[in-house]
Amino acid sequence: ITATPFLVSLLAGGVAGTTVDVALFPIDTVKTRLQSPQGFWNAGGFRGIYRGLGAAAAGSAPGAALFFSVYETLKPQVASLQSQHEWLPDNPAFCHMSAASAGEAMACLVRVPT
């Protein structure tokens, strides 16, 4: 597994997280309003469907950037440990799961700071 430069992972993660949140924000807003006990139209209908998009986009970038930078940094390190130690499973899925778990744990420090 080849290493991805840290800055590339950081920027790509931030852009990816922001893109996903911007694309799905109106869909999530509609879903929330459809589930409202007061009904879709009384909850706002399609009015203000993008209200709060800026805050959501700004909040998603740091978590996604941290996830991808940790994930891409740890993948080659875990693969190297797997080849050095026979007690670690020699399975690519283990490498990806370990790196993703660590990345998610670090991203949670940003998303859920309490």
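The following paragraphs examine the structure supplied in this document. These numbers were taken from a predicted model, which means no experiment stands behind them.

## A few points about the packing of aromatic side chains
Right, so step 1: Counted according to the given criterion, the structure contains five aromatic pairs.
Right, so step 2: Ring plane angle 75° and centroid distance 5.0 Å describe the contact between Phe40 and Trp41, whose orientation is recorded as edge-to-face.
Right, so step 3: Under the relative-accessibility criterion, Phe40 is labelled buried at 12%.
Right, so step 4: Classification of Trp41 by relative accessible area gives exposed; the value is 60%.
Right, so step 5: The interplanar angle of 5° and the centroid separation of 5.8 Å between the aromatic rings of Phe67 and Tyr71 together place this pair among those described as stacked. Taken together, the residues span about one helical turn, with Phe67 and Tyr71 both in helix α2 (residues 53–84) at a distance of four residues.
Right, so step 6: Classification of Phe67 as buried rests on a relative accessible area of 16%.
Right, so step 7: Tyr71 gets classed as buried once you look at its relative accessible area, which sits at 15%.
Right, so step 8: In this structure an aromatic cluster arises from ring pairing among Phe40, Trp41 and Phe46.

## Describing the packing of helix α1 (residues 6–34) against α2
Right, so step 1: Viewed as axis vectors pointing N to C, α1 and α2 meet at an angle of 140°, and their least axial separation amounts to 6 Å. In this structure, the crossing between α1 and α2 has a hand that is right-handed. Where α1 abuts α2, its residues Phe6, Ser9, Leu10, Gly13, Gly14, Gly17, Thr18, Asp21, Val22 and Phe25 lie against Leu53, Ala56, Ala57, Ser60, Ala61, Ala64, Ala65, Phe68, Ser69, Glu72 and Thr73.
Right, so step 2: For the contact of α1 with α2, the class distribution of residues is eleven nonpolar, eight polar and two charged.

## Description of the packing of α2 against helix α3 (residues 92–111)
Right, so step 1: Contact geometry of α2 with α3 gives a least axis separation of 7 Å together with a crossing angle of 150°. Of the possible angle classes, the one that applies to α2 and α3 is roughly antiparallel. For α2 against α3, the interelement crossing comes out right-handed.
Right, so step 2: Tallied by class, the residues present in the contact of α2 with α3 amount to 16 nonpolar, five polar and three charged.

About the thresholds
Residues numbered from 1 in each chain as written. Predicted model: local features only at pLDDT ≥ 70, side-chain atom pairs only at ≥ 80, totals over all residues. Heavy atoms only, no water. Phe/Tyr/Trp six-rings, centres within 6.5 Å; stacked < 30°, edge-to-face > 60°. Buried < 20%, exposed > 50% of the residue type's maximum accessible area, 1.4 Å probe, protein only. Helix = DSSP H or I, 4+ residues; strand = E, 2+ residues; numbered from the N terminus. Axes fitted to C-alpha atoms, helices over the stretch in contact; angles between N-to-C directions. Left-handed = near helix turned anticlockwise from the far one by under 90°. Contact = heavy atoms within 4.5 Å. Nonpolar A, V, L, I, M, F, W, Y, C, P; charged D, E, K, R; others polar. Parallel < 35°, antiparallel > 145°, perpendicular 65-115°, else oblique.

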